[in-house]
Number of protein chains: 2
Amino acid sequence: MPNRIPEIVILRLPMYRRALHSLEQDNIDVVSSQELGERLQVTPAQIRKDLSYFGKFGKQGMGYNVKRLLAELTRIMGLDREWPMVLVGVGRLGTAIASYPGFVPQGFRIVAAFDSAPQLIGRKIGSLAILDISEVKRTIQDKHVDIGIVAVPGSQAQRIVDMLVASGARAILNYAPATIRVPPGIHLRDIDPVLALQSMTYYLKP
Amino acid sequence: MPNRIPEIVILRLPMYRRALHSLEQDNIDVVSSQELGERLQVTPAQIRKDLSYFGKFGKQGMGYNVKRLLAELTRIMGLDREWPMVLVGVGRLGTAIASYPGFVPQGFRIVAAFDSAPQLIGRKIGSLAILDISEVKRTIQDKHVDIGIVAVPGSQAQRIVDMLVASGARAILNYAPATIRVPPGIHLRDIDPVLALQSMTYYLKP
């Protein structure tokens, strides 16, 4: 059953959840697909269709109960628990990622950081000790980690991703400036603010 | 003419450019659309079609000259110059963005940082003095800034984006966890690693 839901729908769920969270904080109890659509700049029909994959959430013409839909999406998305993550690469970029304030409030926690540079091993980054990359497999297995964050130079990124996957990671958040391949069943998302900027400059040229 | 090129093509150009840069560093002079497609996990036909919007870059069966195509894409994308940017919000997230090592080597430079918290104004973040948000318009105009980076709390993000656009910014890189609206002709990209993680956990649930 889960595999029948199109990936594009799954990709939109985090936006829905974020909008519902914001409505909840504004003490709004009920929201129509029209109002939700306006907030998210998608059509009400798309919202109704996307949510219909997961069951019946609203009565015709009554709107959605914000708290209930939020709780349901949280459960459906697997966000009613904490997800431990490992970070590989603690240069300048990795150090910034390790101190990124957005992860923990949303249930994502970096539980170990790795590098291959001997001078970094054993040092601390916040409360995390930096471990040798050779220990990554044991850590992933001991701590039941599913998610690996990659912050190594682009030229090393594929090798590190392969190592993470071979060690048991099933999801990769890649900050390295490289196009990475993963086997079927492994999930990958890229975070690259430079690519995002470069996709706008074409329009900004004089 | 520029407006006739589909946005989805423009969105792929940075990936092409990055792959060509990597080939150049490996001292590879010529690349076929097949080889480029394999690196990027897109079809050779798509690469040929995308690049054909910008002119004739390769001879049938001869492949692309890496250096020449890279230089042409750099020019087409407006990356043969430096782009100054302003950063709004220098809390923990904004501070991490200000020290992000990936911008400057790619020609993107934060030239001013702003906040509204009185205790931050006048302090320094790296070599940047933190300015009062009320000065953002003058800075954008004086320094000919087109790009604004937003790192404020989600609840303030729309207001700050509106202010940046009213001050003359034409492109926004939004790190705030909020869905932002911009007027036609203004470009917006979101950077949100938590949304990226949340789009994978659905698949990781036991």
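Thresholds, definitions, all that
Residues numbered from 1 in each chain as written. Chains lettered and ligands numbered in written order. Predicted model: local features only at pLDDT ≥ 70, side-chain atom pairs only at ≥ 80, totals over all residues. Heavy atoms only, no water. Helix = DSSP H or I, 4+ residues; strand = E, 2+ residues; numbered from the N terminus. Buried < 20%, exposed > 50% of the residue type's maximum accessible area, 1.4 Å probe, protein only. Contact = heavy atoms within 4.5 Å. Least-squares fit on C-alpha atoms with pLDDT ≥ 70 in both. Arc of directions from axis to C-beta. Salt bridge = Lys/Arg side-chain N within 4 Å of Asp/Glu carboxyl O. Pairing = 2+ DSSP bridges. Core = buried A, V, L, I, M, F, W, Y, C linked by side-chain atoms within 4.5 Å. Axes fitted to C-alpha atoms, helices over the stretch in contact; angles between N-to-C directions. Buried area = accessible area lost by both parts, 1.4 Å probe. Polar contact = N/O pair within 3.5 Å; in protein donor to acceptor, adjacent residues only side chain to side chain. Phe/Tyr/Trp six-rings, centres within 6.5 Å; stacked < 30°, edge-to-face > 60°. Lys NZ or Arg CZ within 6 Å of the ring centre and 35° of its normal.

### Here's the deal with the overall build of chain A
Here's step 1: What chain A contains, in helices and strands, is 8 helices and 10 strands.
Here's step 2: For chain A, the spread of C-alpha atoms along the principal axes amounts to about 65 × 50 × 35 Å.
Here's step 3: Counting only residues that meet the buried cut, chain A has 50% of its 206 residues in that class.
Here's step 4: Restricting to contacts in chain A with at least 6 residues of sequence separation, those with at least 24 account for 55%.

### Quick notes on the relation of the copies chain B and chain A
Here's step 1: Superposing chain B onto chain A takes a rotation of 180 degrees plus a shift of 0.0 Å along the axis, which leaves an RMSD of 0.0 Å. Accordingly, the operation relating the two chain copies is best matched by a two-fold axis. Residues of chain B ranked by C-alpha distance from the rotation axis are headed by B:Ala96, positioned 2.7 Å from it.
Here's step 2: In this assembly the copies share their binding face: 100% of the residues contributing to the interface of chain B also contribute to that of chain A.

### With respect to helix H3 (residues 44–52) of chain A
Residues and elements named next belong to chain A.
Here's step 1: Within the sequence span of H3, burial applies to Ile47, Asp50 and Leu51. Looking down the long axis of H3, one finds its buried residues gathered within 90 degrees of arc, a one-sided arrangement.
Here's step 2: Contacts made by the buried residues of H3 are with helix H1 (7–25), helix H2 (33–40), strand E3 (63–65) and helix H4 (66–76).

### Focus on the pattern of salt bridges
Side-chain pairs of opposite charge can arise where the charged atoms are in close proximity.
Here's step 1: This model, assessed by the stated rule, comprises 18 salt bridges over all chains.
Here's step 2: A salt bridge links A:Arg138 to A:Glu135; the shortest N-O distance between them is 3.2 Å.
Here's step 3: A relative accessible area of 28% places A:Glu135 in the partly exposed class.
Here's step 4: For B:Arg170, the salt bridge goes to B:Asp146, with nearest N and O atoms at 3.2 Å. Within this pair, whereas B:Arg170 is found in the loop between helix H7 (154–167) and strand E9 (171–174), its partner B:Asp146 is found in the loop between helix H6 (136–142) and strand E8 (147–150), the two being separated by 24 residues in sequence.
Here's step 5: The class for B:Arg170 is partly exposed, based on a relative accessible area of 30%.

### Topic: the sheet that holds strand E8 (residues 147–150) of chain A
Here's step 1: Spatial strand order, E6-E7-E5-E4-E8-E9-E10 (chain A): 7 strands in an open sheet with mixed pairing. Two strands in the sheet have a free side with no partner beyond their single neighbour: strand E6 (124–125) and strand E10 (187–190) of chain A.

### Considerations on unusual backbone geometry
Here's step 1: The backbone of A:Gln41 shows a phi angle near 55 degrees, a positive value even though the residue is not glycine.
Here's step 2: Residue position: A:Gln41 is located in the loop between H2 and H3.
Here's step 3: Residue B:Asn27 is not a glycine yet carries a positive backbone phi of 60 degrees.
Here's step 4: By secondary structure assignment, the location of B:Asn27 is in the loop between helix H1 (7–25) and strand E1 (30–31).
Here's step 5: Accessibility expressed as a relative area gives 66% for B:Asn27, which makes it exposed.

### Some words on the nonpolar core
Here's step 1: Core analysis: the largest hydrophobic core is formed by 106 residues, its most contacted members being A:Phe103 and B:Phe103.
Here's step 2: For A:Phe103, the residues in contact, after removing those within four places along its chain, are A:Met85, A:Ile97, A:Phe108, A:Ile110, A:Ile149, A:Leu173, A:Tyr175, B:Pro193, B:Val194 and B:Leu197.

### Describing the sheet that holds strand E4 (residues 83–88) of chain B
Two modes of strand pairing occur in sheets, parallel and antiparallel, and in both the strands are linked by backbone hydrogen bonds.
Residue and element names in this part refer to chain B.
Here's step 1: Strand order in the open sheet made by the 7 strands is E6-E7-E5-E4-E8-E9-E10, with mixed pairing throughout. In the strand order of this sheet, the two ends are held by strand E6 (124–125) and strand E10 (187–190), each with one partner.
Here's step 2: Pairing between E4 and strand E5 (residues 108–115): 6 bridges, direction parallel. Counted as the bridge partner of Met85 is Ile110 from E5.
Here's step 3: Set on the sheet, H7 makes contact with E4, E8 and E9; between it and E8 the angle comes to about 165 degrees.

### Concerning the interface of chain B and chain A
Here's step 1: Facing the 62 residues of chain B at the interface are 62 residues of chain A.
Here's step 2: Summing both partners gives a buried area of about 5,800 Å² for chain B against chain A, and 66% of it is carried by carbon and sulfur.
Here's step 3: Its largest share of buried area at the contact with chain A, chain B owes to B:Arg18, B:Tyr202 and B:Leu204, together 13% of the area lost on that side.
Here's step 4: Linking chain B with chain A are 22 residue pairs in polar contact (both at pLDDT 80 or more), by the criterion used here.

### Brief notes about the packing of aromatic side chains
Here's step 1: Applying the stated criterion across every chain yields a total of 6 aromatic pairs over all chains.
Here's step 2: Through successive ring pairs, a cluster of aromatic residues spans A:Phe54, B:Tyr202 and B:Tyr203.
Here's step 3: Taking NZ or CZ as reference, A:Arg81 lies 3.6 Å from the ring centre of A:Trp83, over its face.

### Notes on the pairing of strand E7 (residues 128–132) of chain B
Residue and element names in this part refer to chain B.
Here's step 1: Judged from the 3 bridges that link them, E5 and E7 form a sheet pairing that is parallel. Its bridge partner lying in E7, Phe114 is registered against Leu131.
Here's step 2: Inspection of the sheet shows E6 paired to E7 by 2 bridges, in the antiparallel sense. What sits directly across from Ile125, in E7, is Leu128.
Here's step 3: As consecutive antiparallel partners, E6 and E7 are separated by 2 residues, and within that stretch Gly126 has a phi angle of approximately 60 degrees, a positive value.

### So, the environment of B:Ile130
Residues and elements named next belong to chain B.
Here's step 1: Within the secondary structure, Ile130 sits in strand E7.
Here's step 2: We classify Ile130 as buried; its relative accessible area is 5%.
Here's step 3: Taking the C-alpha atoms as reference points, Ile130 and Leu120, 10 residues apart in sequence, are found 6.7 Å from one another.
Here's step 4: Ile130 has contacts with Val90, Ala113, Phe114, Asp115, Leu120, Ile121, Gly122, Arg123 and Ile125, leaving out every residue within four places of it along the chain.

So yeah, pure geometry; function would need other evidence.
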